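Coordinate inspection notes
As a plain string of letters, each chain reads:
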Amino acid sequence: MEEIMNYFANMDWEFMKSRYDIKDSSRHFSVSEYHDILCPPSEKPDFLQKYLELPVLKRLDGISLLCGTDWTKLYNNRVKYSRLDHSIGVALIVWHFTKDKAQTIAGLLHDISTPVFSHVGDFRNGDALTQESTEAQTSQIIKNDKQLQKLLHEDELSTELVDDYHKYPIADNEIPCLSADRLEYMFPSGASLDGSWTFDEIKKCYENICILQNENGLPELGFSDIKVAELYCEKFCCIGHILQLNENKLTLQLLGEIMNLGVKLNVLQEKDFMTLSEKQVIQKIENWISTNKFALNFENEHSKSDISDNLSTRFANYYLTFKNMKKIYHSEKKLPENQYYSVSLKVKQRFINPLVKIPECSFSPQKNLPPSKSFSKTVRLSEISKLSSKLIKDFKNFSDTTFGSVKLFF
């Protein structure tokens with residue numbers, strides 16, 4: 001029997017970046033208009049605004065959702081979307097579906113411990129697979145911020161109610177389930193990375209979502225129409241595919257190494273990652289390179305043999321490689337270290353297998369009940385959609401080449 005090709009087999013980096021026309025006006029993305037879809041203005045809670053004035057939250061406005069990829073030529077991100085935008089979006093989704101203040105604030109604060117370049121911090125910590133290491137400080141930051149504590153007291157909320165959004169299944173849950181966090185970040189991620197979402201598609205998907213009960217008896221966001229669920233699943237997995245290609249792995253790992261080298265050289269301090277914006281960190285690096293350019297030897301012929309031995313040279317070389325790279329080489333063997341920076345990593349796979357509500361029978365078996373009272377049941381999309389079942393299976397089974405490499409900047 002002929003083997004069926006993996007759905008993602010021919011979906012390489014250049015294809016993923018170019019499959020939607022950047023000039024297509026239907027793919028215009030406005031943060032405010034998008035947030036209005038998540039929670040109409042008439043429904044938005046008044047209590048949120050005072051939290052948005054806190055410095056501890058405002059800091060997130062200088063951090064991109066897309067993990068430093070706005071700063072390299074390898075990407076062509078179409079939308080600027082910050083961790084603050086994401087946090088607001090999660091809070092609006094939670095409020096829209098629960099009208100619960102504690103859950104909403106927990107959603108708003110869930111990324112409060114995110115460092116600059118977001119999940120690059122996890123790559124720095126050797127946590128590419130789960131990408132959760134930077135969450136450890138969340139509770140401590142909330143407890144220690146006096147202004148935040150004052151607002152929580154005014155709203156009669158304890159730290160314990162808002163410092164761990166994982167306890168609220170509508171706000172967060174495990175892959176492959178759908179939560180407010182997962183639902184929110186894939187809309188702007190897709191709009192930015194490849195232009196895969198139009199506003200009409202976002203509205204169509206969002207308006208179809210409802211709260212269902214999952215296999216464990218817990219509430220979970222799901223869909224009331226299989227076709228809409230298939231559309232969302234396909235786009236979600238395609239965006240997740242971008243995030244598991246070697247291009248993305250290398251970008252985040254390289255930027256993480258640049259940060260580590262910056263700390264070793266005292267160009268950067270650990271506190272910078274929690275106090276400065278990404279723009280300010282980039283500026284510190286570029287100022288240092290500009291000041292020290294005559295002392296750096298990466299422009300010399302002999303540098304290719306000793307770049308790994310000189311921290312200053314390696315730091316500058318890695319940064320300029322990150323900033324200017326436009327192409328990644330895919331191979332099964334590692335390319336020469338004196339000419340290439342290479343990675344071989346397993347990373348977190350981001351996909352969903354959402355719940356779908358389907359009619360179980362067209363008429364109620366109970367007497368004297370009209371057809372409108374017919375029963376329905378909840379199932380995972382893969383159980384009723386061959387298309388989505390194969391898509392999810394192919395996504396999980398896809399494997400990029402063993403190594404991804406970029407030619408060093410000389």
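In this report, the structure presented in the accompanying data block is examined. Bear in mind that the values here come from a model prediction, so they are computed numbers and not experimental data.

A word on the sheet that holds strand β6 (residues 376–380)
If you trace the 4 strands from one edge of the open sheet to the other, you get β1-β2-β5-β6, paired in mixed fashion. Each edge of the open sheet is held by one strand with a lone partner, namely β1 (209–213) and β6. Between one strand axis and the next, the sheet turns through 50° on average, direction left out of account. With 5 bridges joining them, strand β5 (residues 355–359) and β6 adopt antiparallel strand pairing. Each bridged residue has a counterpart across the sheet, and for Leu 355 the counterpart in β6 is Arg 380.

What about the pairing of strand β4 (residues 340–343)?
Burial along β4 is two-sided: the residues Tyr 340 and Ser 342 and Tyr 341 and Val 343 are all buried. Here β4 runs beside strand β7 (residues 403–407); their pairing, made up of 4 bridges, is antiparallel. Following the sheet pairing, Tyr 340 is matched in β7 by Lys 407.

Some details on the layout of surface pockets
The space that makes up the second largest pocket amounts to roughly 350 Å³. What lines the second largest pocket is a set of 16 residues, among which Lys 249, Leu 345, Lys 346, Val 347 and Ser 399 lie closest to the centre.

Section: empty space enclosed by the protein
All told, the structure shown has 2 cavities of 30 Å³ or more when counted by the stated rule. Roughly 50 Å³ of volume is contained in the largest cavity. Trp 13, Met 16, Lys 17, Tyr 75, Asn 76, Asn 77, Leu 193 and Ile 242 are the residues that line the largest cavity. Among the elements that make up the lining of the largest cavity, the one with the highest residue count is helix α1 (residues 13–18) (3 residues). Across the lining of the largest cavity, the residue classes tally to 5 nonpolar, 2 polar and 1 charged. Broken down by element, the residue count for the lining of the second largest cavity peaks at 3 residues, all from helix α7 (residues 120–124). The residue inventory of the lining of the second largest cavity, partitioned by class, reads 6 nonpolar, 1 polar and 1 charged.

Conventions used here
Residues numbered from 1 in each chain as written. Predicted model: local features only at pLDDT ≥ 70, side-chain atom pairs only at ≥ 80, totals over all residues. Heavy atoms only, no water. Pairing = 2+ DSSP bridges. Helix = DSSP H or I, 4+ residues; strand = E, 2+ residues; numbered from the N terminus. Axes fitted to C-alpha atoms, helices over the stretch in contact; angles between N-to-C directions. Buried < 20%, exposed > 50% of the residue type's maximum accessible area, 1.4 Å probe, protein only. 1 Å grid on protein atoms, 1.4 Å probe; cavity = no way out; pocket = protein on both sides within 12 Å on 5 of 7 lines; lining within 4 Å. Points joined across faces, edges and corners; volume = space filled by probe spheres on them. Nonpolar A, V, L, I, M, F, W, Y, C, P; charged D, E, K, R; others polar.

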